[in-house]
Amino acid sequence: MRTVEDTDTPGPAAWHPFPVWAAGPVSTCLGLAAHLGAGGQAPGILIIIAVAALLGMVAAMTGRRRLPGWAVLVAAGAAQQLLHLAFAAFSTANGFALPGHHGGAPIPVTPTAGVPTAEASGAAHSLHLVLHFHVAAALAAAAVTTQWNRVVSTVRRSGRSGGERAPGNADA
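The rules behind these values
- Residues numbered from 1 in each chain as written.
- Predicted model: local features only at pLDDT ≥ 70, side-chain atom pairs only at ≥ 80, totals over all residues.
- Heavy atoms only, no water.
- Axes fitted to C-alpha atoms, helices over the stretch in contact; angles between N-to-C directions.
- Helix = DSSP H or I, 4+ residues; strand = E, 2+ residues; numbered from the N terminus.
- Parallel < 35°, antiparallel > 145°, perpendicular 65-115°, else oblique.
- Left-handed = near helix turned anticlockwise from the far one by under 90°.
- Contact = heavy atoms within 4.5 Å.
- Nonpolar A, V, L, I, M, F, W, Y, C, P; charged D, E, K, R; others polar.
- Buried < 20%, exposed > 50% of the residue type's maximum accessible area, 1.4 Å probe, protein only.

A.B. asks: So what about the packing of helix H1 (residues 23–37) against helix H5 (residues 127–146)? Which residues, and what values?
C.D. replies: At a minimum axis distance of 9 Å, the contact between H1 and H5 shows a crossing angle of 155 degrees. When the axis of H1 is compared with that of H5, the two are roughly antiparallel. Read as a crossing pair, H1 and H5 show a hand that is right-handed. Listed contacts from H5 to Ala23, Val26, Ser27, Leu30, Gly31, Ala34, His35 and Gly37 of H1 are Leu129, Phe133, His134, Ala137, Ala140, Ala141, Val144 and Thr145. Grouping the constituent residues of the contact of H1 with H5 by class yields ten nonpolar, six polar and no charged.

A.B. asks: Requested: an account of the side chain of Gln80, with residues and values cited.
C.D. replies: Among the structural elements, Gln80 can be located in helix H3 (residues 69–90). Overall, Gln80 belongs to the buried group, its relative accessible area being 2%. Those residues within four positions of Gln80 in sequence are excluded, and the remaining contacts are Ser27, Gly31, His134, Ala137 and Ala138.

A.B. asks: Any details on the environment of Ala78? Residues and values, ideally.
C.D. replies: Position of Ala78 relative to the elements: it lies in helix H3. C-alpha of Ala78 to C-alpha of Ala138: the two residues are 60 residues apart in sequence and 8.5 Å apart in space.

A.B. asks: Help me get a handle on the packing of H1 against H3, residues and values and all.
C.D. replies: Each pair of packed helices gets described by two things: the angle between the helix axes and the distance between those axes. Between H1 and H3, whose axes approach to 10 Å, the crossing angle comes to 55 degrees. Accordingly, the angle class assigned to the pair H1 and H3 is oblique. Judged by the twist between their axes, the crossing of H1 over H3 is right-handed. Across the interface between the two elements, Ser27, Thr28, Gly31, Leu32 and His35 from H1 touch Ala79, Gln80, Leu83, His84, Phe87 and Ala88 from H3. Its residues assigned to classes, the contact of H1 with H3 shows five nonpolar, six polar and no charged.

A.B. asks: Help me get a handle on the environment of Leu30, residues and values and all.
C.D. replies: For Leu30, the location among the structural elements is in helix H1. The spatial distance from the C-alpha of Leu30 to the C-alpha of Leu83 is 9.8 Å, given a sequence separation of 53 residues. Look past the residues within four positions of Leu30 in its chain and what remains in contact with it is Ala137, Ala140 and Ala141.

Okay, here's the thing in structure tokens:
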């Protein structure tokens, strides 16, 4: 009796392994989107690439172990916390801004005292909005890494379900 593993063509429920190292860049992109969506500033592109590479390296080192879903979610949440701190620290002109992170710093004195700055008025970003966006990014990263096989199988099935095109017929 032949099984799916014995054939060269994958069956409809074929296993498509998630490239474990890709969890770092996926989490970084989702974290950056959350950070920017909540009103934060983006750090330099080299900082983003370095953070993505570091998270990818950590994911590749721990990827040989099969983790339960809750552990993947905890890791995604910890990664989002670290991403938030890294983006907050490296998105300023001088390169480091954590001492006054989220309202702990005194209001800066501006040359034009009548015009409030974004930091002074509190309009830079809401702490709750940042939290919610990073939680959503952690959930999305955990979903992508744990449900990869289902997503790829669904995409491949939907690609095959379309009508066959006749050679030279772009409208079919």
